[in-house]
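# Architecture at a glance
If you want the building blocks of each chain, they are given just below.
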Amino acid sequence: MRSKIVLARMLRNPQSRYGLLALALLLLLAYAGPFLGPHDWTDKDFLAFMEPPSFDEDGHWWGTTQIGQDVYAVTLRGMQKSIVIGFLVALFSTGLAALVGATAGYVGGWVDKALMWATDLLLVLPSFLIIAIVSPRLKGGSWLWFVVLLALFSWMITSRMVRSMTLSLREREFVAAARYMGIPAWKIILRHILPNISSLLIIDATLNVSAAIIGEAALSFFGFGIQPPDVSLGTLIADGSAKAIGYPWLFAFPAGLLVLLVLSVNLVGDGLRDALDPGSNQ
Amino acid sequence: MNEPTTGRGAPVLEVSDLNVTFRGGVKAVRGVSYRLDRGEILGIVGESGSGKSVTSLAVMGLLPEGAEVSGSVRLHGRELIGAPEEELTRLRGKGIGMIFQDPLSAFTPVYTIGDQIAEAVRVHQKVSGDAAAKRAVELLDLVGIPHPHARAKAFPHEFSGGMRQRAMIAMAIANDPDVLICDEPTTALDVTIQAQVLEVLKTAQRETGAAIVMITHDLGVVAGLADRVLVMYAGKPVELGAVDEIYYRPRMPYTMGLLASIPRMDRPTARLIPIEGNPPSPAALPPGCPFAPRCPLKVDACDDAEPELERIGAGGRMAACIRAHEIDLKDLDGADVYPVPEPPAEAEEPGPREERETVLQVGDLIRHYPLMKGAVFKRRVGTVYAVDGISFDVREGETLALVGESGCGKTTTLQQIMQLSAPQGGTVVVLGKDSAKLAKAERRGLRQDLQIVFQDPMAALDPRMPVGDILAEPLRAHGRKDAKAVKSRVAELLTLVGLAPEHAERYPQHFSGGQRQRIGIARALALEPKLVVLDEPVSALDVSIQAGVINLLEDLKVRLGLSYLFVAHDLSVVRHIADRVAVMYLGKIAEIGEVDEVYGAPAHPYTRALLSAIPLPDPEKERTRTRILLEGDLPSPADPPSGCRFRTRCPKRALLGEPEARRCAEEEPSVVRLASGADHGAACHYPEGVEAVPAPRP
């Protein structure tokens, strides 16, 4: 019943409706767009280096790069990667934060101690160095490993927040009521604890989407992560930013798409948060 | 105290046509007028949200930014509304003193009590630090704090609730204010402590001659204290008059209903008379009289315009009701006007108690908590004897009430029963099954028959869950997965507790307190339990709502054949709802027995003190009855007195001879059946009514 009501509330909210629409259009662009363009992302047009955008037959809609790649095709290809990375990292790290934090806070005792010890350990480890050391060994492996690494180092602070919120929720009477009903602990965590901290989790997840996309770019810039010839929005923005003044199309398209992506995710997140929170006025 | 109520000379405080509007157009206070003469006590009563606290904050000029205040407040003829902040600051504490409900948040935790009172003195008077400190000690002595010299150096957290409230009173009267505003000063306190604090308040008034505005929802407190009473509803004064007139001849249907809906300890009735419906939201007031939707005397004209306060009969009494004159003429009271709800059809006469099935048997239950100290290396420094060997049983179709002040172990007892695991000591037997010997599946099965209703209906319902899911949860947890059957059962439950099936799609916060408590009750009944544990189920509700919920509990008990274990601190409610009562003190049972026998002839001195501490909503009785005032606070359960635990506060022990008194200190009394009653026991060496010991008269 709850999922039905939340969905109805979400669809009633214009903000989240527009967000969902924008997100759907962006996904459509990323995955269907390459088929519409006249060039493939691996093509190199040796007759056109650094061409500005043109709408001629067979022209480069968003211009070309200095090695003759079609910016339209390359950007969309990068966007596919970034969407997958962003969403997976956000889902993975927020999910991990929620589960670890809520379990530690709810169960308490040695489970709490062990989980928080592990959390603090990850928090003090220099994540950038670890990724730098580990990633050469993953060369040739799936880039999904990269997602796992990024997620693994971005959940700890949220997890601590979740734990402290769980500690206060655990004492509330509705949790006691569920316990006295004979409901097992994992169900109480999923059904009562997590929905009550969903506002925090949703904000955290939407922030994580953009943080992962940008973070991936930073790592790629130093030679870890997505490696050429493969591209991501992050690598494209990093490359384009140096020439943003003279050749704005190299920078503007990937950056603009990133902004749109993050904005629409935020809209959906806000809508979901309001839909889950009965206190919000709609 | 008994000065004439009609003013001679100029009033101390005069409020006229006070209006407070909060941002967003919420009219919290609408046209409050009253005058306060020197030494007079005015009681302002009303339910939560009636605007009584906002009124007094407006008088003090303490409302938050964004509140629009209009009208006039005159202290000794000086206008306070719109006065500059510096002038108000000079007046606060000197002209007007205020006592808040929660004394812990009213003191700064990092300064000693003595320093804070001395500061209050020095802000308004030019005296040296030493003199102010001396004055602080005097004030603490005045409000009855033992060893005031030593206690003045203590920090707020080292004081108990009652002591803090006394210190708060000391601070409020430090500069001999002309007006004392008390905002629910005793609501957070236990009854015996409340009786002490009210006594201190009377002393303070005698000493300073201040006029008092007493804001409370407790009609009993006002009855014993006030000279005049102002009743508020939906931000508007609806009745004003001398205390006797309001209590014995109310002329506004709301006041009549309020008085009729209170469970009375002195006059038990078969059925309480609830006021239907809920108070209107201040953001969406009905066009006419705000009480009209709930009023049994409503006529069409009530919706036309909001009635103003007008004089009724002789004297200074006013009422805001277009039919007040008619009520006055016919001399109606609440019982005549409000429909008395049908009593539940008594199923069948239950057999004698001994022959009925025992639903719950608690024997020598013990729960001690270790008292730990140290941050890294924890070591045990003591034991909290939360529950220390209590025994009782609940038979089928019966209500046993567990009463006592906070810290006596009621809630711990409940938790021990609800956990259905082996207790530290003693036994808990539910429906013939010993909780210590349950297999996991058996325990789950037993949970169906044992359900709980919590005190705070807001905290007990998951705010993020629609009501339908909340009610379906116990059903699904116990194997009823069929969506259709669950849905129809949820609808059935909602109807059972007087709500509509379509409410299932709303969230708990869309309901009022009383409705939420009904949802809590519906959840407890979902699995058709045999025993329902009620943890203060009505103490968070307003009086007019409370009556409806109590009636519902009574109906359900008869219709579904339930047994209740009812935990409460309100002895009037207990008298109304319970068949048997167990009085707890510091983890032990002091007295147990049939309600009529315990209330009629209380044998334990603690029970006697408790009963006498309850304020009755009857001014005449309040004035004439003598109170047994207990001294001091509840001892810490970590360090209970030897022998009888009550001996340190026992008023009776003072009257005993030396050898008898020694017995109290050395030998712990156990619950002994009294010869005088059929079902009545007390844990006292010298129970009342057995020996010829004269009743204590403080």
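Everything numeric in this text was worked out from a predicted model, so none of it was measured.

Our next topic: the domain arrangement of chain B. Per the domain assignment, the segments making up chain B are domain 1 (103-174), domain 2 (254-337), domain 3 (353-578) and domain 4 (595-682). Computed over C-alpha atoms only, the centres of domain 1 of chain B and domain 3 of chain B are separated by 42 Å.

A few words now on the UniProt feature "transmembrane region" (unreviewed entry) in chain A. Residue and element names in this part refer to chain A. Per the UniProt record, "transmembrane region" (unreviewed entry) is found at residues 83-107, 114-136, 142-162, 200-226 and 246-268. Segment residues 83-107 splits into 100% helix and 0% strand. End C-alpha atoms: 35 Å apart. As a span, residues 114-136 carries 83% helix and 0% strand, and end to end its C-alpha atoms are 30 Å apart.

Attention now moves to the pairing of strand 10 (residues 236-242) of chain B. The two faces of the sheet receive side chains in turn, since in a regular strand these alternate between them. Residues and elements named next belong to chain B. Along strand 10, 6 of the 7 residues are buried, which leaves the element largely enclosed by surrounding structure. By the bridge criterion, 6 bridges tie strand 9 (residues 228-233) to strand 10 in an arrangement that is antiparallel. Paired with V229 across the strands is G241, a residue of strand 10. In this antiparallel pair of consecutive strands, strand 9 and strand 10, the connection spans 2 residues, and A234 shows a positive phi of 50 degrees. For strand 10 and strand 12 (residues 318-319), the ladder comprises 2 bridges, and the chain directions are antiparallel.

Each side of the interface is counted separately: chain A has 27 residues, and chain B has 29 residues. Between chain A and chain B, the buried area comes to about 2500 Å², and carbon and sulfur atoms account for 56% of it. Considering only the surface of chain A that becomes buried against chain B, E173, Y180 and M181 of chain A emerge as the three largest contributors, covering 32% of it. Inspection of the region where chain A meets chain B yields 2 salt bridges.

Residues and elements named next belong to chain B. With 74 residues, the main nonpolar core has M214, V229, Y247, Y254 and F291 as its most contacted residues. Taken domain by domain, this core gets at least three of its residues from each of domain 1 (103-174) and domain 2 (254-337). Excluding residues that lie within four positions of it along the chain, Y254 makes contacts with E47, V231, M232, Y233, V238, I275, F291 and Y338. Counting 69 residues, the second-largest nonpolar core is a separate cluster that includes V486, F566, A568 and F646.

Moving on to the pattern of salt bridges. All names here are of chain B. This model, assessed by the stated rule, comprises 45 salt bridges over all chains. A salt bridge links R264 to D618, with the shortest nitrogen-to-oxygen separation between them at 3.4 Å. With R264 in the loop between helix 11 (253-261) and strand 11 (310-311) and D618 in the loop between helix 22 (605-613) and helix 23 (619-624), the pair connects residues that are 354 residues apart, well separated along the chain. For R264, a relative accessible area of 10% corresponds to the buried category. Using a relative accessible area of 8% as the deciding quantity, one classes D618 as buried. E620 serves as the salt-bridge partner of R623, at 3.7 Å between the closest nitrogen and oxygen. In this pair, R623 and E620 both sit in helix 23, 3 residues apart, roughly one turn of the helix.

Residue and element names in this part refer to chain B. If you walk across this open sheet you meet the 8 strands as 6-7-8-3-9-10-12-11, and the pairing is mixed. A strand with exactly one partner marks an edge of an open sheet, and here the two such strands are strand 6 (96-99) and strand 11. Looking at chain direction, strand 11 and strand 12 are connected through 2 bridges and run antiparallel. Across the sheet, R311 pairs through a bridge with M318, a residue of strand 12. Across the sheet, helix 8 (residues 191-208) touches strand 3 (41-45), strand 6, strand 7 (179-183) and strand 8 (211-216), and the angle it forms with strand 8 is around 155 degrees.

How each quantity is defined
- Per chain, residues are indexed from 1 in the order of the written sequence.
- Chain letters start at A and ligand numbers start at 1, both assigned in the order the entries are written.
- The model is predicted, so local features are restricted to residues of pLDDT at least 70 and side-chain atom pairs to those at 80 or more, both for listing and for counting; the totals for chains, interfaces and linings are taken over all residues.
- Hydrogen atoms and water are omitted, and side-chain values are computed over all heavy atoms in the structure.
- Marked domain ranges trace back to an automatic or database domain assignment.
- UniProt positions are given in the numbering used here, feature names are shortened, and annotations may be inferred rather than shown by experiment.
- Counting from the N terminus, the helices are the DSSP runs of H or I reaching at least four residues and the strands are the DSSP runs of E reaching at least two.
- Summary of the burial criterion: residues with accessible area below 20% of their type's maximum are buried, those above 50% are exposed, and those between are partly exposed, where the area comes from a 1.4 Å probe applied to protein chains only.
- The rule for pairing is simple: two strands pair if DSSP sees at least two bridges between them.
- Contacts are residue-level and defined by heavy atoms, with any inter-residue pair within 4.5 Å sufficient.
- Accessible area that two parts lose when put together, with a 1.4 Å probe and added across both, is what the buried area reports.
- Here, a salt bridge means any Lys or Arg side-chain nitrogen found within 4 Å of an Asp or Glu carboxyl oxygen.
- For this analysis, a nonpolar core means a set of buried residues of the types Ala, Val, Leu, Ile, Met, Phe, Trp, Tyr and Cys, connected via side-chain atoms within 4.5 Å.
- Throughout, an axis means a line fitted to C-alpha atoms (over the contacting stretch in the case of helices), and angles, computed between N-to-C directions, take values from 0 to 180 degrees.

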